[in-house]
Amino acid sequence: MKAVILAGGLGTRLAEETSVRPKPMVEIGGRPILWHIMKTYAAHGITDFVVCLGYRGEVIRDYFLNYGMQSADITVDLGRGAVQVHNSRAEDWRVTLVDTGADTLTGGRLKRVLPHVANDDAFCMTYGDGVGDVDITRAIALHRAQGRLATLTATQPEGRFGALRIEGDEVKAFKEKPNGDGAWINGGYFVLSPKVGDYIDGDQTTWEDEPIERLVGDGQLSVFQHHGFWHPMDTIRDKTHLEKMWNSGKAPWRVWEN
């Protein structure tokens, strides 16, 4: 099975970082968040990726073109212009990089890469800016068992602000970063049939709007409820939070061994 990753957006709320690189290349622990997402899929046996490029797509291209060299010991023969690779530590991944346009919206990006998954009965898809310990294997199993065109992973995010319980003019309780309000939101990590392309009109279609609404209306959207960790990287505050988790050695989304 392949995994499609949407990696072409501007990331305007991370402007301090994204003025020089696309959002999926913003680093956590010295590695792009895109790498963290791919490692999560690889932990579930999915190592064939289709990455949708847009804004500053050349940064992602250069990263993967040079990945093998950066992950290996090498000997460079300057006189002959030869390079010998020793002990490559690069992951055994296949990565297809597709320019889906600078201004294309999420649905349009997905539609543009459907030829790369056209012969598959199903494929995974997610965004290039969020991490979680999602049980992708179970999500795929649910998708196949239900037989619908699309399966969405739903999650319940943590609260962003301290919560007060007030009685009259007295604070009775305070809790920093409480659980959220219990609402389920779109956590990405979709499993899709290539037939979802019929629900996407073109480049200016936002996947999260009309296509999903039409899938719901047709009874073609299943939900996989994820009760574990999930966190987006929308702001510098999010990046700092994830970085602290990684540096602590207790990053919940690290579901791989090495």
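Refer to the preceding data block for the structure.
Predicted model only: the values in this text are computed from it and were never measured.

J.: Is there a simple way to think about the overall build of the protein in this case?
T.: A tally of regular secondary structure across the protein gives eight helices and 16 strands. The C-alpha radius of gyration computed for the protein amounts to 20 Å, which stays within 12% of the reference 18 Å derived for 258 residues, consistent with globular compactness. Within the protein, the fraction of its 258 residues that count as buried is 44%. Summing over all exposed atoms, the protein offers an accessible surface of approximately 13300 Å²; the carbon and sulfur share of this is 48%. Each charge class in the protein was averaged separately, 29 positive and 35 negative side chains, and the resulting centres sit 3 Å apart.

J.: It is not clear to me how the nonpolar core should be interpreted in this structure. Could you clarify?
T.: Generally speaking, soluble globular proteins have nonpolar side chains that are buried together. Counting 40 residues, the largest nonpolar core has Tyr-41, Ile-60, Cys-124, Ile-136 and Trp-253 as the members making the most contacts within it. Elements represented by at least two residues in this core include exactly strand S1 (2–7), helix H2 (33–42), strand S4 (48–53), helix H3 (57–65), helix H6 (136–146) and helix H8 (236–247). Looking at which element gives the most residues to this core, the answer is H2, with six residues. The contacts of Tyr-41, once residues within four sequence positions are left out, are Ala-3, Ile-46, Phe-49, Cys-124, Met-125, Thr-126, Ile-136 and Tyr-189.

J.: Which parts of the structure should I look at to understand the pairing of strand S5 (residues 73–77)?
T.: Consecutive side chains of a regular strand alternate in pointing toward one face of the sheet and then the other. Bridge count for S5 against strand S6 (residues 82–86) is five bridges, and the pairing is antiparallel. In the sheet register, Val-76 faces S6, and the bridge partner there is Val-83. Adjacent in sequence and paired antiparallel, S5 and S6 are bridged by four residues, among which Gly-81 carries a positive phi angle near 70 degrees.

J.: Before we go on, may I ask you to explain the pattern of salt bridges in this structure?
T.: In a structure, side chains of opposite charge can pair up when their charged atoms sit close to one another. Enumeration according to the criterion identifies eleven salt bridges in this entry. We note a salt bridge from Lys-39 to Glu-91, for which the minimum N-O separation is 3.4 Å. Highlighted residues: Lys-39 in helix H2 and Glu-91 in the loop between S6 and strand S7 (94–99), separated in sequence by 52 residues. Residue Lys-39 is classed as buried on the basis of its relative accessible area of 7%. Among the ionic pairs, Lys-239 bridges to Glu-243, the shortest N-O distance being 3.3 Å. Highlighted residues: Lys-239 and Glu-243, both in helix H8, separated by four residues, approximately one helical turn.

J.: For this particular structure, what's the right way to read helix H7 (residues 210–217)?
T.: Residues three or four positions apart in an α-helix share a direction because the helix packs 3.6 residues into each turn. The set of residues buried in H7 consists of Pro-211, Ile-212 and Leu-215. Take H7 and look down its axis: the buried residues cluster within an arc of 95 degrees, on one side only. In this structure, H7 carries Glu-213, Val-216 and Gly-217 as exposed residues pointing more than 90 degrees from its buried face. The secondary structure elements touched by the buried residues of H7 are strand S10 (150–155), strand S14 (190–192) and strand S15 (221–226). Following H7 by one or two positions, Gly-219 has its phi on the positive side, about 70 degrees.

J.: Got a minute to help me understand a nonpolar patch on the surface in this structure?
T.: A surface patch of nonpolar side chains, amounting to about 550 Å² of accessible area, comprises Met-69, Ile-74, Val-76, Leu-78, Val-83 and Val-85. Elements supplying a minimum of two residues to the nonpolar patch: S5 and S6. Overall, Ile-74 belongs to the partly exposed group, its relative accessible area being 38%.

J.: Teacher, can you tell me more about the environment of Thr-47 here?
T.: Tracing the backbone shows Thr-47 in the loop between H2 and S4. On the basis of relative accessible area, Thr-47 is assigned to the partly exposed category, the value being 30%. The sequence separation of Thr-47 and Trp-246 amounts to 199 residues, and the corresponding C-alpha distance is 23 Å. Beyond its immediate sequence surroundings of up to four residues, Thr-47 is in contact with Ala-42, Asp-92, Trp-93 and Arg-94.

J.: What should I look at first to understand a negative patch on the surface in this one?
T.: There is a patch of like negative charges on the surface, built from Asp-201, Asp-209, Glu-210 and Glu-213. Structurally, Glu-210 can be placed in helix H7. Taking the relative accessible area as the measure of exposure, Glu-210 reaches 40% and is therefore partly exposed.

Cut-offs and rules
- Residues numbered from 1 in each chain as written.
- Predicted model: local features only at pLDDT ≥ 70, side-chain atom pairs only at ≥ 80, totals over all residues.
- Heavy atoms only, no water.
- Helix = DSSP H or I, 4+ residues; strand = E, 2+ residues; numbered from the N terminus.
- Rg over C-alpha atoms; globule rule 2.2 N^0.38 Å.
- Buried < 20%, exposed > 50% of the residue type's maximum accessible area, 1.4 Å probe, protein only.
- Areas by Shrake-Rupley, 256 points an atom, 1.4 Å probe, with all protein chains shown as cover.
- Lys, Arg positive; Asp, Glu negative; His and termini not counted.
- Charge placed at Lys NZ, Arg CZ, Asp CG, Glu CD.
- Core = buried A, V, L, I, M, F, W, Y, C linked by side-chain atoms within 4.5 Å.
- Contact = heavy atoms within 4.5 Å.
- Pairing = 2+ DSSP bridges.
- Salt bridge = Lys/Arg side-chain N within 4 Å of Asp/Glu carboxyl O.
- Arc of directions from axis to C-beta.
- Patch = residues over 30% accessible without salt bridge, like charges linked within 9 Å, V, L, I, M, F, W, Y side chains within 5 Å.

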